[in-house]
Amino acid sequence: MKPLAPTLLVLMLITPFAQAKLPPLSPDAQAKADEAKAKAAWSDKVAAFQLCRSMDKVAESYRQSAKAAGKETKPATPTPPCAEPGAFVAAAPAGSKPIEASGAHSPPSTAATPPSVSPATQTQLQGAKK
């Protein structure tokens, strides 16, 4: 008991210093953390869906075997149907626009000629002397 008391005292004195505040996450790290959280929630929904389907299979198998054995079965308790979660779709970052809305895919004005047609020669475009 005697060696335990000094150890506990030292631990009690060190604990406040060990609880340092971490710096905030960078936007990229926060986005990755949010995506991991969303994927974990989706995988939980998938697991619940698979469990629901397996319970339905077991219950149906029991009813069929009980009827085959001549046992009396009670009607099934009504439950909500199993909801399939669908495929995982990663959410777009909050600050980003779709490509169509950002205007990055097209020039601001309509082109009159193709970009490869130019009256200047290649050397004139590069700025070299003839």
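Residues numbered from 1 in each chain as written. Predicted model: local features only at pLDDT ≥ 70, side-chain atom pairs only at ≥ 80, totals over all residues. Heavy atoms only, no water.

Novice: Before we go on, may I ask you to explain the overall build of the protein in this structure?
Specialist: Check the secondary structure of the protein and you find four helices and zero strands. Reading the protein from its N end, one meets helices and strands in the order α-α-α-α. For the protein, the proportion of its 130 residues judged to be buried stands at 3%. Total accessible area computed for the protein in this model is approximately 12100 Å², and 64% of it derives from carbon and sulfur atoms. (Helix = DSSP H or I, 4+ residues; strand = E, 2+ residues; numbered from the N terminus. Buried < 20%, exposed > 50% of the residue type's maximum accessible area, 1.4 Å probe, protein only. Areas by Shrake-Rupley, 256 points an atom, 1.4 Å probe, with all protein chains shown as cover.)

Novice: Please explain the pattern of salt bridges as it appears in this structure.
Specialist: Where charged atoms of side chains with opposite charge meet at close range, the side chains can pair. One pass over the structure, following the stated rule, counts one salt bridge. Its salt-bridge partner being Arg63, residue Glu60 comes within 3.1 Å of it at the nearest N-O pair. Here Glu60 pairs with Arg63, and both are found in helix α2 (residues 27–69), just three residues apart, close to one helical turn. (Salt bridge = Lys/Arg side-chain N within 4 Å of Asp/Glu carboxyl O.)

Novice: Whenever I open this one, the confidence of the model for the protein confuses me. Can you help?
Specialist: Detailed reading of the predicted model is not advised wherever pLDDT is low. Model confidence for the protein is summarised by a mean pLDDT of 81, while 71% of its residues fall at 70 or above. For the protein, the element scoring lowest by mean pLDDT is helix α3 (residues 99–102), at 61; α2 scores highest, at 94. (pLDDT = per-residue confidence, 0-100.)

Novice: Would you mind going over the state of the cysteines with me for this structure?
Specialist: Formally, a disulfide is one covalent bond, and it connects the sulfur atom of one cysteine to the sulfur atom of another. Counted under the stated rule, the structure contains one disulfide. Across the disulfide from Cys52 sits Cys82; the S-S distance is 2.0 Å. Measuring handedness by torsion sign, the sulfur bridge of Cys52 and Cys82 sits at about -80 degrees and is left-handed. With Cys52 in helix α2 and Cys82 in the loop between α2 and α3, this residue pair connects regions lying 30 residues apart in the sequence. Residue class for Cys52 comes out buried when judged on its relative accessible area of 19%. (Disulfide = S-S within 2.5 Å.)

Novice: Please explain α2 as it appears in this structure.
Specialist: Helical periodicity: at 3.6 residues per turn, an α-helix aligns residues three or four positions apart in one direction. Compared with an ideal rise of 1.5 Å per residue, which puts 43 residues at 63 Å, α2 spans 63 Å between its outermost C-alpha atoms and is within 8% of the ideal. Val46, Phe49, Cys52 and Ala66 are the residues of α2 that are buried. A positive backbone phi angle near 85 degrees is found at Gly70, which sits one or two residues after α2. (Expected span 1.5 Å × (residues − 1).)

Novice: It is not clear to me how the environment of Cys82 should be interpreted in this structure. Could you clarify?
Specialist: For Cys82, a relative accessible area of 23% gives the class partly exposed. A sequence separation of 34 residues divides Cys82 from Ala48, and the C-alpha atoms of the two residues are 8.6 Å apart. Once you skip the residues sitting within four places of it in the chain, Cys82 turns out to touch Phe49, Cys52, Arg53 and Asp56. (Contact = heavy atoms within 4.5 Å.)

Novice: How should a nonpolar patch on the surface be read in this particular structure?
Specialist: Taken together, the side chains of Leu9, Val10, Leu13 and Ile14 make up a nonpolar region of the molecular surface, amounting to roughly 380 Å² of accessible area. As for its position among the elements, Ile14 is in helix α1 (residues 4–18). Under the relative-accessibility criterion, Ile14 is labelled partly exposed at 46%. (Patch = residues over 30% accessible without salt bridge, like charges linked within 9 Å, V, L, I, M, F, W, Y side chains within 5 Å.)

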